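Single-letter residue listing:
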Amino acid sequence: GDSVTQTEGQVTVSESKSLIINCTYSATSIGYPNLFWYVRYPGEGLQLLLKVITAGQKGSSRGFEATYNKEATSFHLQKASVQESDSAVYYCAFIANSGTYQRFGTGTKLQVVP
Amino acid sequence: EAGVTQSPRYAVLQEGQAVSFWCDPISGHDTLYWYQQPRDQGPQLLVYFRDEAVIDNSQLPSDRFSAVRPKGTNSTLKIQSAKQGDTATYLCASSLGRGIAEQFFGPGTRLTVL
């Protein structure tokens with residue numbers, strides 16, 4: 001079936017350093033899915049960070065970027081310089097071309113340290 | 001604009017007891033989702049509605065779980081006879097439209113079954 005894989009359960013990065021959180025997907029249907037990153041800050045609910053609905057395009061929000069790579073079936077999340085306020089749990093999600101609901105990865109907890 | 005609200009925020013049960021979760025979506029949102037999120041996993045869809053109609057409940061354990069949205073606004077998710085494996089956070093989300101439409105999540109109900 002359709003699935004999303006986030007390989008890192010937890011990542012610790014020093015403030016002002018770069019970040020990459022990996023996400024790959026597997027879809028059983030042909031065509032290209034739509035891809036999302038959600039974030040849950042401490043004490044807050046899950047919220048959409050960015051989405052990309054066209055292969056090859058880049059989404060961006062709050063200094064984060066993610067590029068939809070259809071050949072690699074990946075949608076990695078990157079930031080050039082993280083801040084302590086970026087500490088949160090990040091979830092990759094996708095909806096297959098023939099799908100009707102979004103499927104979520106297991107989440108990556110980011111801790112940014114001074 | 002008020003966000004998605006859920007109650008209760010926490011519930012602790014013994015196995016075999018029943019529990020209901022309540023969700024009030026954002027006004028005007030036609031689509032409502034219920035997710036189960038076990039600890040250290042991503043949200044997993046249980047059921048979703050468009051207005052009062054169930055669109056997909058294929059992941060809902062129908063022998064013990066039920067969900068309704070009688071007037072196409074608020075919704076209730078009920079567990080008839082809870083098991084320890086039901087321990088998780090139950091999230092409600094709403095959106096205007098389905099699929100790639102942005103979902104707005106409530107704070108969740110954290111359920112512990114002893």
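What comes next concerns the included structure. On a predicted model such as this, the values are computed, not experimentally measured, just so you know. (Residues numbered from 1 in each chain as written. Chains lettered and ligands numbered in written order. Predicted model: local features only at pLDDT ≥ 70, side-chain atom pairs only at ≥ 80, totals over all residues. Heavy atoms only, no water.)

So, the side chain of B:His29
Residues and elements named next belong to chain B.
Then, number 1: For histidine 29, the position within the fold is in the loop between strand 3 (19-24) and strand 4 (31-37).
Then, number 2: For histidine 29, a relative accessible area of 12% translates into the label buried.
Then, number 3: Within polar-contact distance, the side chain of histidine 29 engages the side chain of serine 94 at 2.8 Å.
Then, number 4: Discounting chain neighbours no more than four positions away, the residues touching histidine 29 are Arg69, Ser94, Ser95, Leu96 and Phe104. (Helix = DSSP H or I, 4+ residues; strand = E, 2+ residues; numbered from the N terminus. Buried < 20%, exposed > 50% of the residue type's maximum accessible area, 1.4 Å probe, protein only. Polar contact = N/O pair within 3.5 Å; in protein donor to acceptor, adjacent residues only side chain to side chain. Contact = heavy atoms within 4.5 Å.)

Quick word on the sheet that holds strand 3 (residues 19-21) of chain A
Residue and element names in this part refer to chain A.
Then, number 1: The strand order 3-9-8-7 describes an open sheet built from four strands, whose pairing is antiparallel. Whereas interior strands pair on both sides, the edge strands pair on one side only; in this sheet they are strand 3 and strand 7 (58-61). Adjacent strand axes in the sheet meet at a mean angle of 20°, parallel and antiparallel pairs treated alike.
Then, number 2: Bridge count for strand 7 against strand 8 (residues 64-67) is four bridges, and the pairing is antiparallel. Along strand 8, the bridge assignment pairs glycine 59 with alanine 66. (Pairing = 2+ DSSP bridges. Axes fitted to C-alpha atoms, helices over the stretch in contact; angles between N-to-C directions.)

Observations concerning the side chain of B:Thr31
All names here are of chain B.
Then, number 1: With respect to the helices and strands, threonine 31 occurs in strand 4.
Then, number 2: Among the polar contacts listed, one links the side chain of threonine 31 to the backbone oxygen of glycine 97, at a separation of 3.3 Å.
Then, number 3: With residues up to four places along the chain from it excluded, the contact list for threonine 31 reads Tyr48, Phe49, Arg50, Arg69, Ala93, Ser94, Ser95, Gly97 and Arg98.

Quick notes on the environment of B:Asn74
Then, number 1: Note that B:Asn74 resides in the loop between strand 7 (65-68) and strand 8 (75-79).
Then, number 2: Non-local contacts of B:Asn74, meaning those with residues more than four positions away in its chain, are made with B:Trp22, B:Cys23, B:Asp24, B:Pro25, B:Val68 and B:Arg69.

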